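# Reading the structure
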Amino acid sequence: MSDISIVNGRVLLQDGLAEVPVRISDGVVAGFDDTAGDVVDAGGAIVLPGIVDIHGDAFERNLMPRPKVHFPPDIGLHETDRQLVSNGITTAYHGLTVSWEPGLRSFDHTREMCEAITRNRHKLACDTLVHLRWETFALDEAEGVLQILEEQPNAILAFNDHTTKSALGREKPHKFAQMAERCGKSQEEFRTLLEGVWSRRDDVEPMIARLARRGRDAGAILLAHDEASVEQRQWFRNLGAVASEFPLTRETAADARANDEHVVLGAPNVVRGGSHNGALDATGAISEGLCSVLATDYYYPAPLLAAFMLARNGNGDLAGTWPLVSNNPAEVAGLSDRGTIAPGKRADIILVDENNAHHPTVTTTFVAGRKVYDRS
């Protein structure tokens, strides 16, 4: 791997932007003192740490762009990879749901996707990792989840419960219809399947505790999703869940932050000016110190746009907003080798033109010192 120097850029360091060269050697940042090797002229662009996305499922649209229309995982992964690096995402956790539902979010499909990620990982530009979203009512799939965790490097395991809301009739009718359509069943068939799953609800909490213990033993990072109360956060904390994903109440988020835990919300929430489903307002939560990580959720351009919007709208400068999409998510995932531009860190670096007429634009992306995207 050749040495590279990035010059004529404004580099985001810990204290703010600095006009210094960035020297890369053997895939890591070597220093800021001089230039060597191949020279990349940033042309006045902002030089930023690559985005670390720990929760994203936009790849599903490349696998099933319409109900009952499926494309092979290998094709979907490579198309997703192009979208990721062009949006400045250098580390991506694909949120693969293991549910009791057949179809796109079944264990068999997730296993197939994990095999495809393993098979293609060395060919993908973005560092592509696995975030297993285990639906806690998928009791029969727990052993399979553990096997995947043992096979996948730097894996995340998140505990999700999207079953209770549906079983108690609290799901919006159109959402319930979408769930049935996604797994290829009529609403009546889906209701029957749901009732069978719900009948085993007394077994759920013991299985969560068991899977949390064994997941930690396998080296996985544990997260809890959609926690509805402080009591739930405390329970999952005791099981080893290190962060709260999309907490449903302000009090839950505040409890996590009071215990020095990260809170993950969606970057699209910031870009759109609020949640699409009535959840916590991410911009407000950030202003109050209740959100420390922004994830793509369902839209890959969102982290880049959100960080710049926050900085431009009085929520701090880039030195304060960019860690929401780089260093903080890397910290959640236990990836201490990335998230900042500093000597010894992986050279996951993006060049951003902030003067685009419509929005900031990624012009160049480096992953581990290798140029993987060049808009010029």
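Relevant structure appears above.
This text gives an overview of the structure that appears in the document. None of these values were measured; they are calculated from a predicted model.

Before going further, it helps to examine the overall build of the protein. Counting secondary structure elements, the protein contains 15 helices and 18 strands. For 376 residues, the compact-globule estimate of 2.2 N^0.38 gives 21 Å, and the protein sits close to it at 21 Å. Here the C-alpha coordinates of the protein stretch approximately 65 × 40 × 40 Å along the principal axes. Across the 376 residues in the protein, those meeting the buried criterion constitute 53%. A fraction of 65% describes how many contacts in the protein between residues 6 or more apart in sequence connect residues 24 or more apart. The centroid of the 37 positive side-chain charges in the protein is displaced by 4 Å from the centroid of its 53 negative side-chain charges.

We now examine empty space enclosed by the protein. Remark: the empty space left among the atoms is shown by a probe the size of a water molecule rolled over them. Evaluation of the coordinates by the stated rule reveals one cavity of 30 Å³ or more. Reported here for the largest cavity is a volume of approximately 40 Å³. Phe59, Glu60, Leu96, Thr97, Leu104, Arg105, His109 and Thr110 together form the lining of the largest cavity. Secondary structure elements with two or more residues in the lining of the largest cavity: β9 (89–98) and α3 (107–120). Grouping the amino acids of the lining of the largest cavity by side-chain chemistry returns three nonpolar, three polar and two charged.

Where helix α9 (residues 230–239) contacts helix α10 (residues 250–258), the two axes come as close as 8 Å, and the packing angle between them is 35 degrees. Seen from above, α9 lies across α10 with right-handed handedness. Packed against α9, whose contacting residues are Val230, Arg233, Gln234 and Arg237, the element α10 presents Glu251, Thr252, Asp255 and Ala256 at the interface. By residue class, the composition of the contact of α9 with α10 is two nonpolar, two polar and four charged.

Glancing now at the sheet that holds strand β13 (residues 241–245). Read from one edge to the other, the open sheet built from eight strands follows the order β8-β9-β10-β11-β12-β13-β14-β15, with strand pairing classed as parallel. Where the open sheet ends on each side, the last strands, each with one partner, are β8 (51–56) and β15 (293–295). Averaged over all pairs of adjacent strands, the angle between their axes in this sheet comes to 25 degrees, without regard to strand direction. Bridging between strand β12 (residues 221–225) and β13 involves four bridges; their strand directions are parallel. Pairing of His225 across the sheet is with Glu245, part of β13. Strand contacts of α9: β11 (156–160), β12 and β13, with the helix running at about 145 degrees to β13, the strand carrying the most contacts. Sheet contacts for α10: β13 and β14 (262–266); angle to β14, the most-contacted strand, approximately 140 degrees.

Not every positive phi belongs to a glycine, and Asn8 is a case in point at roughly 60 degrees. Relative to the helices and strands, Asn8 is located in the loop between β1 (4–7) and β2 (10–13). Unlike most non-glycine residues, Asp260 shows phi in positive territory, near 60 degrees. Mapped onto the elements of the fold, Asp260 is located in the loop between α10 and β14. Among the residues examined, Asp260 registers a relative accessible area of 73% and is labelled exposed.

In this section: the packing of aromatic side chains. For the structure on display, the rule yields seven aromatic pairs. Ring geometry for Trp235 and Phe236: centres 5.0 Å apart, planes at 70 degrees, overall edge-to-face. Overall, the relative accessible area of 8% leaves Phe236 in the buried class. Plain terms: the ring middles of Phe308 and Trp322 are 6.2 Å apart, the flat faces sit at 75 degrees to each other, and that makes the pair edge-to-face. Here Phe308, found in helix α13 (residues 302–312), pairs with Trp322, found in the loop between α14 (318–321) and α15 (327–332); they are 14 residues apart in sequence, far enough to count as distant. Comparing Phe308 with Trp322, the two get one shared label, buried. Taken together, the ring pairs connect Trp134, Phe159, Trp235 and Phe236 into an aromatic cluster.

Attention now goes to the pairing of β2. The pairing of β2 with strand β7 (residues 46–49) spans two bridges and is parallel. Within β7, the residue paired with Arg10 across the bridge is Ile46. As paired elements, β2 and strand β3 (residues 16–18) share three bridges and run antiparallel to each other. By the bridge assignment for β3, Leu13 is matched with Gly16.

Ranked by internal contacts, the top residues of the largest apolar core, which has 84 residues, are Leu48, Leu132, Trp134, Leu157, Phe159, Leu294 and Trp322. It is α13 that contributes the most residues to this core, six residues altogether. Setting aside anything within four residues of it in sequence, one finds Trp322 in contact with Leu12, Leu48, Pro49, Ile51, Leu304, Ala307, Phe308 and Ile350. Residues Ile54, Tyr93, Ala243 and Ala330 belong to the second largest nonpolar core, which totals 16 residues.

What follows deals with the pairing of β14. Counting buried positions along β14 yields five of five residues, so the element is predominantly enclosed. By the alternation rule, side chains of β14 split into His262, Val264 and Gly266 and Val263 and Leu265, which are all buried. Crossover connection from β13 via α10 to parallel β14: handedness right-handed. Sheet analysis places β14 next to β15, joined by three bridges and oriented parallel. Residue pairing for β15: Gly266 is matched across the bridge by Ala295.

Quick notes on the rules
- Residues numbered from 1 in each chain as written.
- Predicted model: local features only at pLDDT ≥ 70, side-chain atom pairs only at ≥ 80, totals over all residues.
- Heavy atoms only, no water.
- Helix = DSSP H or I, 4+ residues; strand = E, 2+ residues; numbered from the N terminus.
- Rg over C-alpha atoms; globule rule 2.2 N^0.38 Å.
- Buried < 20%, exposed > 50% of the residue type's maximum accessible area, 1.4 Å probe, protein only.
- Contact = heavy atoms within 4.5 Å.
- Lys, Arg positive; Asp, Glu negative; His and termini not counted.
- Charge placed at Lys NZ, Arg CZ, Asp CG, Glu CD.
- 1 Å grid on protein atoms, 1.4 Å probe; cavity = no way out; pocket = protein on both sides within 12 Å on 5 of 7 lines; lining within 4 Å.
- Points joined across faces, edges and corners; volume = space filled by probe spheres on them.
- Nonpolar A, V, L, I, M, F, W, Y, C, P; charged D, E, K, R; others polar.
- Axes fitted to C-alpha atoms, helices over the stretch in contact; angles between N-to-C directions.
- Left-handed = near helix turned anticlockwise from the far one by under 90°.
- Pairing = 2+ DSSP bridges.
- Phe/Tyr/Trp six-rings, centres within 6.5 Å; stacked < 30°, edge-to-face > 60°.
- Core = buried A, V, L, I, M, F, W, Y, C linked by side-chain atoms within 4.5 Å.
- Right-handed = clockwise from strand over helix to strand, strands pointing away.

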